[in-house]
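Single-letter residue listing:
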Amino acid sequence: MPITKISALRCPIEHSPLQLVGGSWRCENGHSYDVAKQGYVNLLPVQNKRSKDPGDSKAMVQARREFLDQGYYQPLAQVLADTVFAQGEQAVLDAGCGEGYYLRYLVEQAEQNSTDLSMAALDISKWAVQAAAKRDKRMSWMVASNNSIPLDDNSVDTILCVFGFPVEAEFKRILKPGGRLIMVDPAGDHLKELKAIIYSEIKSKNETLPITASEFELISEQRETFPVSLTSNEAIKDLLTMTPHLYRSSAEGRERAEAMSFLQLTADVWVRVFTLSA
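For clarity, every value in this text was computed on a predicted model and none was experimentally measured. (Residues numbered from 1 in each chain as written. Predicted model: local features only at pLDDT ≥ 70, side-chain atom pairs only at ≥ 80, totals over all residues. Heavy atoms only, no water.)

Some points on the pattern of salt bridges
Opposite charge on two side chains permits pairing when their charged atoms draw close. Within this structure, the stated rule accounts for 12 salt bridges. A salt bridge links Arg10 to Asp153, with the nearest nitrogen and oxygen atoms 3.8 Å apart. Of the two residues, Arg10 is situated in the loop between β1 (3-5) and β2 (18-21) and Asp153 in the loop between β8 (140-143) and β9 (156-162); the sequence distance between them amounts to 143 residues. Among the ionic pairs, Arg173 bridges to Glu170, the shortest N-O distance being 2.9 Å. Highlighted residues: Arg173 and Glu170, both in helix α5 (residues 168-174), separated by 3 residues, approximately one helical turn. Classification of Arg173 by relative accessible area gives buried; the value is 15%. Overall, Glu170 belongs to the buried group, its relative accessible area being 12%. (Salt bridge = Lys/Arg side-chain N within 4 Å of Asp/Glu carboxyl O. Helix = DSSP H or I, 4+ residues; strand = E, 2+ residues; numbered from the N terminus. Buried < 20%, exposed > 50% of the residue type's maximum accessible area, 1.4 Å probe, protein only.)

Okay, structure coming up:
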């Protein structure tokens, strides 16, 4: 099989290696983390949480799953897969995997192309990882934070960070020398039509690079822009629910969007590849 699980996990408390024993990951210092029935492991200790239920809510995860399953962002998923496959056999971490849409697409493409990948994914939202693990057992799923990634030093060839929050020190630690960081971030026109409906004023987006550490070199940058046609009220509500705009917009703006049954949108994103100096 071309797809295997990354197994170089480490204890989030002691940072010592974890071994899978039966249905639990255990370290030499006695810490044990059970594999949930859905197939993921929670490696986010209580003391590392900033809230009782961090990350995306159950409603946000469900809305994102319903929206992405319709294929609206498939062009982005394909560009991301092509970018990953520019390198051959590799170990890949999705750092902020959400409900797993982009990673599932990548794995399906890898199996069709017979590309060998070792895979792991993490998200700080238990609901997101739970939903992802239910649908795909081919990779290591972890509830964890980018602030403390439970993987060994120099254990990953490629990190994906799709609409996520990079932590440069941790990314540097787990990447192998010469490894890649592939980042996807909104560009200036992303969902501009939705913003015009829900906000009274649209602020211009600061187009600075998401990575500033000198050890990372930007080797490619492409802007992907494609249309998205939402033809149902349910799809519009799902989009609104799955994004931070739900909480940033006014009640009047949300009501206007939620009353619509058709919306033509622009998806506009940056896909950037950085390499870590050897």
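With respect to the packing of helix α7 (residues 233-242) against helix α9 (residues 251-258)
Relative orientation of the contacting elements α7 and α9 amounts to 150°, with a least axis distance of 9 Å. Between α7, through Asn233, Ile236, Lys237 and Leu240, and α9, the contact on the second element is made entirely by Arg254, Ala257 and Glu258. Grouping the amino acids of the contact of α7 with α9 by side-chain chemistry returns 3 nonpolar, 1 polar and 3 charged. (Axes fitted to C-alpha atoms, helices over the stretch in contact; angles between N-to-C directions. Contact = heavy atoms within 4.5 Å. Nonpolar A, V, L, I, M, F, W, Y, C, P; charged D, E, K, R; others polar.)

Examining unusual backbone geometry
In the Ramachandran plot, Ser114 falls in the positive-phi region, its phi being about 55° despite a non-glycine side chain. One can find Ser114 in the loop between α3 (101-113) and β7 (117-123). Phi is positive for Asn154, which is not a glycine, with a value near 50°. The exposure class of Asn154 is partly exposed, given its relative accessible area of 44%.

Notes on helix α2 (residues 74-84)
What α2 keeps buried is the set Leu76, Ala77, Val79, Leu80, Ala81, Thr83 and Val84. In the core, the buried residues of α2 are packed alongside β6 (90-95), α3, β9, β10 (175-186), β11 (216-230) and β12 (263-276).

Considerations on the packing of aromatic side chains
A full pass over the atoms with the stated rule returns 4 aromatic pairs. Measuring from centroid to centroid gives 5.5 Å for Phe67 and Tyr73, while their planes differ by 85°, and the two rings are edge-to-face. Each member of the pair, Phe67 together with Tyr73, is buried. Taking 5.0 Å as the distance between ring centres and 75° as the angle between the ring planes, the aromatic pair formed by Tyr101 and Tyr102 counts as edge-to-face. Accessibility classification places Tyr101 together with Tyr102 in one group, the buried group. Following the ring pairs from residue to residue traces out a cluster consisting of Phe67, Tyr72, Tyr73 and Phe226. (Phe/Tyr/Trp six-rings, centres within 6.5 Å; stacked < 30°, edge-to-face > 60°.)

Things to note about the environment of His15
By the secondary structure assignment, His15 is in the loop between β1 and β2. Overall, the relative accessible area of 40% leaves His15 in the partly exposed class. Between the C-alpha atoms of His15 and Ile149, which are 134 residues apart in sequence, the distance is 9.8 Å.

Here's the deal with the pairing of β12
Counted residue by residue, β12 has 13 buried out of 14 residues, so it is predominantly covered. Bridging between β10 and β12 involves 7 bridges; their strand directions are antiparallel. Bridge pairing in β12 places Val184 opposite Val271. As judged from the 14 bridges shared by β11 and β12, these two strands associate in the antiparallel manner. (Pairing = 2+ DSSP bridges.)

Topic: the environment of Ile6
Relative to the elements of secondary structure, Ile6 occurs in the loop between β1 and β2. Residue Ile6 is classed as buried on the basis of its relative accessible area, which comes to 6%. Sequence separation between Ile6 and Phe262 is 256 residues; the distance between their C-alpha atoms is 42 Å. The residues touching Ile6, leaving out its near neighbours within four places in the chain, are Ala91, Val92, Ser118, Met119, Ala120, Ser140, Leu151 and Val156.

What about α7?
Of all 10 residues making up α7, 7 are buried, and the element is well covered by its neighbours. Along α7, the residues classified as buried are Asn233, Ala235, Ile236, Asp238, Leu239, Leu240 and Met242.

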